Amino acid sequence: GSIGPTSAPSFDELDDVGGCPDVWSAQTYDQGDLVSFMNLVFECTEDPLSSHCGQAGYEPNTAPGAWMIAWTVVGHCSGSIGPTGAPSFDPANSVGGCPDEWEMGSSASYEEGDMVSVTISTMPLRQVAYRCNAWPLSGHCGQISPIEDG
């Protein structure tokens, strides 16, 4: 006997939902929340299965497929979702003016919690503030530049 040709496969075209929502991360999701992965958009399923949407192992489009009980593919996306609200300023997390510029020195130069700045560019002037880590790393704060790889 012979095997005859089969019919051509059929594909369902996904809706273009516009800009991509945030990429999945381990957090709490509610029914209807959207995430993206590789330009596909997934919707968190209805309760009670929505409780799985933010759990490790249920990330959209991953093997072995447990994600399919928590997420539904709803379309494809490109770019990002439109502009967000204006940035907000949190005075509790402000370092005020830039602290003194970091200088290489002995291990006693900086202590845990000390703040320093590093100049990223001079035109325009851009500086980034860093805080010396807790012990035992604090012993290195004067030895290794905050922007040095290594």
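Residues numbered from 1 in each chain as written. Predicted model: local features only at pLDDT ≥ 70, side-chain atom pairs only at ≥ 80, totals over all residues. Heavy atoms only, no water.

*Asks:* How do you make sense of the overall build of the protein when you look at a structure like this?
*Replies:* Regarding its fold elements, the protein presents 0 helices and 5 strands. Evaluated residue by residue, the protein yields a buried proportion of 22% over its 150 residues. Counting only carbon and sulfur atoms, one obtains 54% of the accessible surface of the protein, whose full area is about 10900 Å². (Helix = DSSP H or I, 4+ residues; strand = E, 2+ residues; numbered from the N terminus. Buried < 20%, exposed > 50% of the residue type's maximum accessible area, 1.4 Å probe, protein only. Areas by Shrake-Rupley, 256 points an atom, 1.4 Å probe, with all protein chains shown as cover.)

*Asks:* Can you help me understand the environment of D30 in this one?
*Replies:* Note that D30 resides in the segment before β1 (34–37). Here the alpha-carbon distance between D30 and G54, two residues 24 residues apart in the chain, equals 9.1 Å.

*Asks:* I would appreciate a short explanation of the environment of D33 in the present structure.
*Replies:* On the secondary structure map, D33 appears in the segment before β1. C-alpha of D33 to C-alpha of P21: the two residues are 12 residues apart in sequence and 9.4 Å apart in space. Contact partners of D33, with chain neighbours within four places excluded, come to F42, E43, C44 and W71. (Contact = heavy atoms within 4.5 Å.)

*Asks:* So what exactly am I meant to see when it comes to the sheet that holds strand β3 (residues 71–76) here?
*Replies:* The strands making up a sheet associate through hydrogen bonds between their backbones, and the pairing can be parallel or antiparallel. Read from one edge to the other, the open sheet built from 3 strands follows the order β1-β2-β3, with strand pairing classed as antiparallel. A single partner strand is all that each edge strand has here, and the edge strands are β1 and β3. When the angles between neighbouring strand axes are averaged without regard to direction, this sheet yields 35 degrees. (Pairing = 2+ DSSP bridges. Axes fitted to C-alpha atoms, helices over the stretch in contact; angles between N-to-C directions.)

*Asks:* Which parts of the structure should I look at to understand unusual backbone geometry?
*Replies:* A negative phi angle is the norm for most residues apart from glycine, just as the trans form is the norm for most peptide bonds. Geometrically, the link from D47 to P48 is a cis peptide bond, its omega value of 5 degrees lying close to zero. Looking at the element boundaries, P48 is found in the loop between β2 (40–44) and β3. Put simply, M123 and P124 share a cis peptide bond, and its omega is -5 degrees. Along the chain, P124 falls in the loop between β4 (115–122) and β5 (125–131). Its identity as a non-glycine residue notwithstanding, M38 has a phi of 50 degrees, on the positive side. Tracing the chain through its elements places M38 in the loop between β1 and β2. Of note in this structure, N61 is not a glycine but carries a positive phi near 65 degrees. Structurally, the position occupied by N61 is in the loop between β2 and β3. N61 sits in the partly exposed class, given a relative accessible area of 36%.

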